[in-house]
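Okay, here's what each chain looks like letter by letter:
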Amino acid sequence: MQPRGAAHNSAIAADIQAIGRIDAVSSILNILVESTGLGFAAVARVTETSWTACAVLDRIGFGLPVGGELEVATTFCSEIRASGTPIVFDKASEDAVYCTHPTPKMYGFESYIAVPIILRSGEVFGTICALDPKPAKLSDPKILKSLELFAELIASQLELDETLAELRAEREYLHALFRQMPSMMSVVRGPDHVLEMANDTYRRFVGEHRDLIGRPIREALPEVRDQGLLDLRDQVYRTGQPYIGRAQRVLLAREPDGSPEERFLDFIYQPMKDAQGRVIGIFSEAIDITEHKRALDHQGLLINELNHRVKNTLATVQSIAFQSLKHSQTVEHAHERIENRLIALSRVHDVLTQESWDSAELRTIVHQAISPFESVDLQRFAISGPAIKLPPQQVLPLSMAVHELLTNALKYGALSVPSGWISISWDIAPDGKTLSLRWDENGGPPVKAPSKRGFGTRLIERGLAQELGGAVTIEFDPSGVICAITIPLFGRKS
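Now for a quick tour of the structure. (Residues numbered from 1 in each chain as written. Predicted model: local features only at pLDDT ≥ 70, side-chain atom pairs only at ≥ 80, totals over all residues. Heavy atoms only, no water.)

For the rest of this paragraph, the subject is the packing of aromatic side chains. In this description, an aromatic ring pair is defined by two values, namely the gap between the centres and the angle between the planes. Under the definition given, this model contains 12 aromatic pairs. Aromatic side chains Phe 76 and Phe 89 sit 5.7 Å apart centroid to centroid with 75° between the ring planes, which places their arrangement in the edge-to-face category. Of this pair, Phe 76 sits in the loop between β3 (69–70) and α3 (77–83) while Phe 89 is found in strand β4 (residues 87–89), placing the two residues 13 residues apart along the sequence. Taking relative accessible area as the criterion, Phe 76 reaches 1% and is therefore assigned buried. By relative accessible area, Phe 89 is classed as buried at 2%. Each ring, one from Phe 109 and one from Tyr 112, has its centre 5.3 Å from the other, and the planes form 25°; the classification is stacked. For Phe 109, a relative accessible area of 5% translates into the label buried. Judged by its relative accessible area of 4%, Tyr 112 is buried. (Phe/Tyr/Trp six-rings, centres within 6.5 Å; stacked < 30°, edge-to-face > 60°. Helix = DSSP H or I, 4+ residues; strand = E, 2+ residues; numbered from the N terminus. Buried < 20%, exposed > 50% of the residue type's maximum accessible area, 1.4 Å probe, protein only.)

Right under this line is the structure:
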């Protein structure tokens, strides 16, 4: 007999651990030794190629520890494994079957008993065996029956342990899936909604600084107390009916000492019930749709704004056509005036389209209004003012006003003579709420106030005032036309 030491592979090591987890094994070996008088007892894992001690009670110095190995061919256990039947004898030297068997002589024992541990699948796990150098009375059927019952108990415990291991592995797998799911998931228990589980997405959403598990939601997330979500959970817990929420607004401080952020959720509260149908908790799943909600809101605003702009543009086109035809001497003259004004309107639309109808730089608006006139030299303009972006509802009428002022300057004002030039300047009030723009013609022919206001003048004075809610004054000073425009800045972008 030469023990080989520790189990030779991980599978045997796992089997040793499995037997070690069965508390009853030590009691079984004690009962076996006490009831038979044998000095050595063991639970062995037996395969085709190995014999390994998984549990040992040694009172005779047999010398085989837990994990110790024997050559399986030198043991009776290989025969027991093959036949699935016990082997029992009181005194090997006088036994008709085993008196010549080499195993008792090799290991120096006279009495021996061993029964197979047979799993439900029919596989023989190993044996419960006991031996002693002295003879013993083991042929009593009660002893064999008791040992077979012990073997069945160990087999059942091994199968239960395997089942529990599978359940643990499955639970760990499901828990990993739960933890890694892209949607927010949580489980609460009891009427106080104590958080039992929360996945990574949920933790990131509410703020990873929070202490969540084992705490009621009203303590873990105090800012949601008065937002209606706890009332919904109470309703689900009380009625046992699930609740589906759409675009639910929630305010959360997602950073330590941070200000609450507005978010929107699609979610479901699903009641969890016990075997008697009583609600014991709530499983919740939620998706953060904040960006989608904002995109839809923005889309709605754009559609409403588009409808408004289309109506305004059509009204502007209608007014341009009517006034151009009304005050034109010939069809050709009317055609030219309509075309020029529509081109100006089109070009400012191009600027806004390039900016996705979000805003436009004031300097760009001015340059865009001037550039279509091929006869205009940009060096004849002194343009100054801080960088400022204006929203579309201010860009359109302001661009049309510059176009009309420029048209009049080319025909009658500073740009009708080579020496004339124009100053275009603007500034923002110190409070940032008002824009002042000034058009000042210089070096042109003497200016006389017209006997009646033309369409261009009315478009500037009335259109800007109505569209922008501002103030417009046009002075026909002898030295040149001066137009002063003051408009409020609401939600400007700079």
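Moving on from the model shown.
On to helix α11 (residues 362–370). Considered for burial, the residues of α11 that qualify are Leu 362, Ile 365, Val 366, Ala 369 and Ile 370. Seen along its axis, α11 keeps its buried residues to an arc of 130°; they face one direction. If you follow the buried residues of α11, they end up packed against β12 (360–361), β13 (381–384), β14 (389–390), α12 (392–411), β15 (421–428) and β16 (434–442). (Arc of directions from axis to C-beta. Contact = heavy atoms within 4.5 Å.)

Applying the stated rule across the entire model yields 17 salt bridges. For Asp 274, the salt bridge is made with Arg 278, and the minimal N-O distance between the two is 3.0 Å. Among the ionic pairs, Arg 294 bridges to Glu 291, the shortest N-O distance being 3.7 Å. Note that Arg 294 and Glu 291 are positioned in helix α9 (residues 290–326) at a spacing of three residues, about one turn of the helix. Among the residues examined, Glu 291 registers a relative accessible area of 52% and is labelled exposed. Three or more residues joined by partner-sharing salt bridges are found here, namely Asp 15, Arg 45 and Glu 123. (Salt bridge = Lys/Arg side-chain N within 4 Å of Asp/Glu carboxyl O.)

Let us now look at the nonpolar core. Grouped together as the largest cluster of nonpolar side chains are 35 residues, with contacts concentrated most on Leu 362 and Trp 439. Those elements that provide at least two residues to this core are α11, α12, β15, β16, α13 (455–468), β17 (471–477) and β18 (480–488). It is α12 that provides the largest number of residues to this core, a total of seven residues. Here Trp 439 is in contact with Phe 381, Val 402, Leu 405, Leu 406, Ala 409, Ile 422, Ser 423, Ile 424, Val 481, Ile 482 and Cys 483, once residues within four sequence places are set aside. Membership of the second largest hydrophobic core comes to 32 residues, among which are Leu 29, Leu 38, Cys 54 and Ala 55. (Core = buried A, V, L, I, M, F, W, Y, C linked by side-chain atoms within 4.5 Å.)

One open sheet holds the five strands; their spatial order is β8-β7-β11-β10-β9, and the pairing between them is antiparallel. Since the sheet does not close on itself, it has two edges, and those belong to β8 (194–198) and β9 (243–252), each with one partner. Each strand of the sheet is rotated relative to its neighbour by a mean of 30°, with strand direction disregarded. Relative to strand β11 (residues 279–288), strand β10 (residues 261–273) is paired through nine bridges, and the arrangement is antiparallel. In the strand pairing of β11, Tyr 269 is matched with Ser 284. Where helix α5 (residues 141–180) meets the sheet, its contacts fall on β7 (184–189), β8 and β11, and the angle it forms with β8 comes to roughly 95°. (Pairing = 2+ DSSP bridges. Axes fitted to C-alpha atoms, helices over the stretch in contact; angles between N-to-C directions.)

All told, the structure shown has two cavities of 30 Å³ or more when counted by the stated rule. What the largest cavity holds in volume is close to 260 Å³. Going through the elements one at a time, β7, α6 (200–206), α8 (229–239), β9, β10 and β11 are the ones with two or more residues in the lining of the largest cavity. Ranked by the residues each element gives to the lining of the largest cavity, the list is headed by β10, at four residues. Residues that form the lining of the largest cavity fall into these classes: 16 nonpolar, three polar and two charged. Computed from the structure, the second largest cavity encloses a volume of approximately 120 Å³. Those elements giving two or more residues to the lining of the second largest cavity turn out to be α4 (102–107) and β6 (124–132). (1 Å grid on protein atoms, 1.4 Å probe; cavity = no way out; pocket = protein on both sides within 12 Å on 5 of 7 lines; lining within 4 Å. Points joined across faces, edges and corners; volume = space filled by probe spheres on them. Nonpolar A, V, L, I, M, F, W, Y, C, P; charged D, E, K, R; others polar.)

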